[in-house]
Amino acid sequence: MQTSALEFIEAGLVALERSVRDHDGELRNIQLATLSPDLHPGLRTLVLRSFERSPPCAEMHSDTRADKVRDIAQAGQVTLLAWSGAEHLQLRLEGTARLHCDDEIARRRWDTLSPNARNTYGHVAIPGTPIADPDEQAHLPPDEQFRQFTVILVSLATIDVLRLGPGGQQTRASGRFTASGITAAWISP
Ligand SMILES: Cc1cc2nc3c(=O)[nH]c(=O)nc-3n(C[C@H](O)[C@H](O)[C@H](O)COP(=O)(O)O)c2cc1C
């Protein structure tokens, strides 16, 4: 192999950063796995709003009353998974999530959102509960809507990168985020 495991992981992270920066590409629609209080695994797609290297952190947004937020409030250990068919690339990241609701961080993010983006959060009906008509979805008043907006910040601990080659061969490396960068190693796919 001509590249090192670290270069291989770096290339995966560059692809993720590009997708977030350009608001484009499949990697930005990331899967978030949580564990419910009764130990049922939960999985759903979220938009990856930002990805930082130092310290390593992934940011997503949701409604405070959503199941995923309840799960994280109970147990912060989460896994993120991104797959790009165009790039034949899978990234899996593990870390610890913390929630920001009705605080300074939530306010700063909220202030950058367009009215349409804000309307993604804070419906009158609690997420996951029955409604009469999907075309009739009322929103809470703006201040209350803000209070139902949660920023999810995941402090990242590990990364696993898998790339599929043209012949279907798999190349895989795992890494650990440390204070001084990433420690990386090739692993068997
Ligand atoms: C492409 C795509 C992007 C999504 N982005 C978000 C998001 O950024 N935040 C969010 O809360 N839900 C988002 N959703 C909806 C979630 O996947 C999920 O259906 C919803 O949040 C309820 O999840 P929960 O009941 O597990 O909490 C998105 C769905 C899709 C298909």
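Residues numbered from 1 in each chain as written. Predicted model: local features only at pLDDT ≥ 70, side-chain atom pairs only at ≥ 80, totals over all residues. Heavy atoms only, no water.

### Structural notes on the environment of V47
The following threshold applies: In this description a helix means any DSSP run of H or I spanning at least four residues, a strand means any run of E spanning at least two, and both kinds are numbered starting from the N terminus. Throughout, exposure labels follow a simple rule: accessible area from a 1.4 Å probe, protein chains only, divided by the maximum for the residue type, with under 20% read as buried, over 50% as exposed, and the rest as partly exposed. By definition, residues are in contact when any of their heavy atoms lie within 4.5 Å.
Relative to the elements of secondary structure, V47 occurs in strand β2 (residues 41-47). Among the residues examined, V47 registers a relative accessible area of 22% and is labelled partly exposed. Taking C-alpha positions, V47 is 8.8 Å from E59, a pair spaced 12 residues apart along the chain. Once residues within four sequence positions are removed from consideration, V47 is found in contact with R28, N29, E59 and M60.

### Let's talk about the environment of V20
Inspection of the secondary structure assignment puts V20 in helix α1 (residues 5-21). Each C-alpha atom of the pair V20 and R147 lies 26 Å from the other, and the pair is 127 residues apart in sequence. Ignoring any residue separated from it by four or fewer positions in sequence, one finds V20 in contact with R28, L48, R49, S50 and F51.

### Here we look at the UniProt feature "domain: Pyridoxamine 5'-phosphate oxidase Alr4036 family FMN-binding" (unreviewed entry) in the protein chain
Worth spelling out the cut-off: UniProt positions are given in the numbering used here, feature names are shortened, and annotations may be inferred rather than shown by experiment.
Mapped onto this numbering, the UniProt entry gives "domain: Pyridoxamine 5'-phosphate oxidase Alr4036 family FMN-binding" (unreviewed entry) at residues 16-99. In residues 16-99, helix accounts for 17% and strand for 54%; the two terminal C-alpha atoms are 22 Å from one another.

### Let's talk about the site of the ligand
In plain terms, the rule: The cutoff for a nearby residue is simple: one of its non-hydrogen atoms must lie within 4 Å of the molecule or strand. Polar contacts, as counted here, are pairs of nitrogen or oxygen atoms within 3.5 Å of one another; within protein the pair requires one atom able to donate a hydrogen and one able to accept it, and residues that are adjacent in sequence qualify only if both atoms are side-chain atoms. Where accessible areas are quoted, they stem from the Shrake-Rupley method and a 1.4 Å probe; at the residue level, only the protein chains shown are allowed to cover. Each residue receives one of three labels: charged for Asp, Glu, Lys and Arg, nonpolar for Ala, Val, Leu, Ile, Met, Phe, Trp, Tyr, Cys and Pro, and polar for the others, Gly being one of them.
Residues in close proximity to the ligand include N29, R44, T45, L46, V47, R49, H61, S62, A66, D67 and K68, which together make up its full environment. Within the backbone of T45, an N or O atom sits 2.7 Å from an oxygen atom of the ligand. Within the complex, the protein chains bury 59% of what would otherwise be the 630 Å² of accessible surface of the ligand. Breaking the shell around the ligand down by element, the ones donating at least two residues are β2, β4 (56-63) and α2 (67-74). In terms of residue count, the dominant contributor to the shell around the ligand is β2 (four residues). Among the residues making up the shell around the ligand, the classes are represented as three nonpolar, four polar and four charged.

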